[in-house]
Amino acid sequence: MADLKIKIGKMLWKNPVTVASGTFGLEYAELFDISQLGAIVTKTITLLPKPGNEPPRLAETEAGLLNSIGLQNPGLENFIKNDLSEYQKFDTNIIVSIAGSSISEFGEVIQELDRQPEIDGYEINISCPNVENEGIAFGTDKGIVHNLISHLRKITNRTIIVKLTPNITFIEEIAISAEKAGADALSLINTVYGMAIDIETRKPKIKNGIAGYSGIGIKPIALQNVYKVAKVVKIPIIGMGGIRNTNDALEFIIAGASAIAVGTQNFVNPLICLEIIQGLEKYLDEQKIQYNDLIGSVR
Ligand SMILES: Cc1cc2nc3c(=O)[nH]c(=O)nc-3n(C[C@H](O)[C@H](O)[C@H](O)COP(=O)(O)O)c2cc1C
């Protein structure tokens, strides 16, 4: 049977398949053995609890999903008190996704989480606005990304994964900046901006108007971002955006991703990650190729 083990920063994953932040909860444990995943990524956690945006905040479109959840989460203290021990029951890598509104807030969250055992890594969600820079999103400015990741690198030895936004002209600049500042891995992509309108009410289908677009419609966008970034960094990439099956996952790996994450498709088929793990094994056996040789093998 094909060997799917892969190193992401300081973590050893038993296979290259994980879930995208915000699209997966531990209630899935009723449906399958979550320990079979290469890693689990939590919903993004912030220092203080966030109620999220006003509904409606989810809308299906012709080819994907719009969401404007607004980083709803219980806050760091409640997460540690109530949720973390549940994650720690599983025999896989635990990656806590975090966000903050300033560099010091990100640092505070990591400092506290570093005291908790059995967290293997952090995914730094830099799509949130930075209050110290007039609300400009962290992930759109290479200087801010450098300062943020350098600061976090000094605080923790655990694996730092930086999650990039596609809503920018030169994603390569941001990727290089994160790598130089000490990131161990990158994940891409977060959602693309999107919108849908109800023609009867003439109101946007999402209360906030503009939302994050995910699912099959963004796959080509995500894939070209992974392809571009893989050419300019040496650290591993976790690819995501519209992955619905093994073939989609293979496209990301061939484009240069060392691992993949499934997001929106978890809502359609909660067993999809397991199916992809099995599908990758089958493909490698049939093609008689080692997993590592497949990564970035696009011709
Ligand atoms: C309902 C929903 C909630 C999400 N919440 C988060 C989040 O909290 N943090 C984050 O970094 N990304 C979040 N995302 C983005 C996903 O992690 C992923 O980057 C994106 O959906 C693209 O992958 P997909 O097309 O497979 O869904 C969310 C996406 C959806 C659909």
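Structure's up top.
This report concerns the structure included in the present document.

Analysis parameters
- Residues numbered from 1 in each chain as written.
- Predicted model: local features only at pLDDT ≥ 70, side-chain atom pairs only at ≥ 80, totals over all residues.
- Heavy atoms only, no water.
- Near = heavy atom within 4 Å.
- Polar contact = N/O pair within 3.5 Å; in protein donor to acceptor, adjacent residues only side chain to side chain.
- Areas by Shrake-Rupley, 256 points an atom, 1.4 Å probe, with all protein chains shown as cover.
- Core = buried A, V, L, I, M, F, W, Y, C linked by side-chain atoms within 4.5 Å.
- Buried < 20%, exposed > 50% of the residue type's maximum accessible area, 1.4 Å probe, protein only.
- Helix = DSSP H or I, 4+ residues; strand = E, 2+ residues; numbered from the N terminus.
- Contact = heavy atoms within 4.5 Å.
- Expected span 1.5 Å × (residues − 1).
- Arc of directions from axis to C-beta.
- Lys, Arg positive; Asp, Glu negative; His and termini not counted.
- Salt bridge = Lys/Arg side-chain N within 4 Å of Asp/Glu carboxyl O.
- Pairing = 2+ DSSP bridges.
- Axes fitted to C-alpha atoms, helices over the stretch in contact; angles between N-to-C directions.
- Phe/Tyr/Trp six-rings, centres within 6.5 Å; stacked < 30°, edge-to-face > 60°.
- Patch = residues over 30% accessible without salt bridge, like charges linked within 9 Å, V, L, I, M, F, W, Y side chains within 5 Å.

**Thoughts on the site of the ligand**
Inspection of the region around the ligand gives 22 residues, with T44, K163, G215, G242 and T264 positioned closest. Residue S21 places a main-chain N or O atom 2.8 Å away from an oxygen atom belonging to the ligand. Between a nitrogen atom of the ligand and a side-chain N or O atom of T44, the distance comes to 2.6 Å. About the coverage of the ligand: the protein hides 96% of its 610 Å² of free accessible area.

**Describing the nonpolar core**
Generally speaking, soluble globular proteins have nonpolar side chains that are buried together. In terms of nonpolar packing, the biggest core is built from 97 residues, with I124 and L186 touching the most fellow members. With 7 residues, the single largest contributor to this core is helix α8 (residues 272-287). If we skip the residues at most four places from it in the chain, L186 touches I161, V162, L164, A175, A178, V229, V233, I235, P236, I237 and I238.

**With respect to helix α1 (residues 76-87)**
With 12 residues, α1 should reach 16 Å at 1.5 Å per residue; the first-to-last C-alpha distance of 14 Å falls well below that figure. Along α1, the residues classified as buried are L76, F79, L84 and Y87. Down the axis of α1, the smallest arc covering the buried residues is 65°, so these residues share one side. Seen from the open side of α1, the exposed residues pointing more than 90 degrees away from its buried face are E77 and K81.

**A closer look at helix α4 (residues 171-180)**
The set of residues buried in α4 consists of I171, I174, A175, S177 and A178. Each buried residue of α4 sits inside an arc of 165° when the element is viewed along its axis, so together they form one side. Packed against the buried residues of α4 are α3 (142-155), β9 (159-163), β10 (185-188) and α5 (219-232). Residue G182 follows α4 closely and has a positive phi angle near 110°.

**Quick word on the side chain of E105**
As for its position among the elements, E105 is in helix α2 (residues 103-114). Although buried, E105 forms no salt bridge, and the nearest oppositely charged side chain, K50, lies 6.5 Å from it.

**Quick look at the sheet that holds β9**
In sheet architecture, strand pairing relies on hydrogen bonds along the backbone and comes in two forms, parallel and antiparallel. What the 8 strands build is an open sheet, ordered β3-β16-β15-β10-β9-β8-β7-β4; its pairing is parallel. Pairing within the sheet leaves two strands with one partner each, and these edge strands are β3 (17-19) and β4 (39-41). Looking at each pair of strands side by side, their axes are set apart by 25° on average, direction ignored. As defined by bridge partners, strand β15 (residues 237-239) adjoins strand β16 (residues 259-262) across 2 bridges and the pair is classed as parallel. In the strand pairing of β16, G239 is matched with I260.

**Looking at the sheet that holds strand β11 (residues 192-194)**
The antiparallel open sheet is built from 4 strands, whose spatial order is β5-β6-β14-β11. The strands lining the two open edges of the sheet, one partner per strand, are β5 (58-61) and β11. In this sheet, adjacent strand axes meet at a mean angle of 35° when their direction is disregarded. Pairing of strand β6 (residues 64-67) with strand β14 (residues 211-214), which is carried by 3 bridges, proceeds in the antiparallel orientation. Across the sheet, the residue bridging to L66 is Y213, located in β14.

**Concerning the packing of aromatic side chains**
Any pair of aromatic rings gets described here by the distance separating the centres and the angle formed by the planes. Tallied over the full model, the rule gives 4 aromatic pairs. Note on F24 and Y28: the rings are 4.6 Å apart at their centroids and 35° apart in plane angle, and the pair reads as tilted. In this structure F24 comes out as buried when scored by relative accessible area, which is 7%. For Y28, a relative accessible area of 9% corresponds to the buried category. Arranged with centres 5.1 Å apart and planes meeting at 80°, the rings of F106 and F138 form a pair that is edge-to-face.

**Observations regarding the environment of G52**
With respect to the helices, strands and loops of the structure, G52 is situated in the loop between β4 and β5. Of the residues examined, G52 reaches a relative accessible area of 23% and is grouped as partly exposed. A C-alpha to C-alpha distance of 7.5 Å links G52 and N73, two positions 21 residues apart in sequence.

**Re a nonpolar patch on the surface**
Side chains of Y193, M195, I197 and I210 sit close together on the surface and give an oily, nonpolar patch of about 460 Å² of accessible area. Looking at the element boundaries, Y193 is found in strand β11.

These results come straight from atomic positions and should not be treated as a statement about function.
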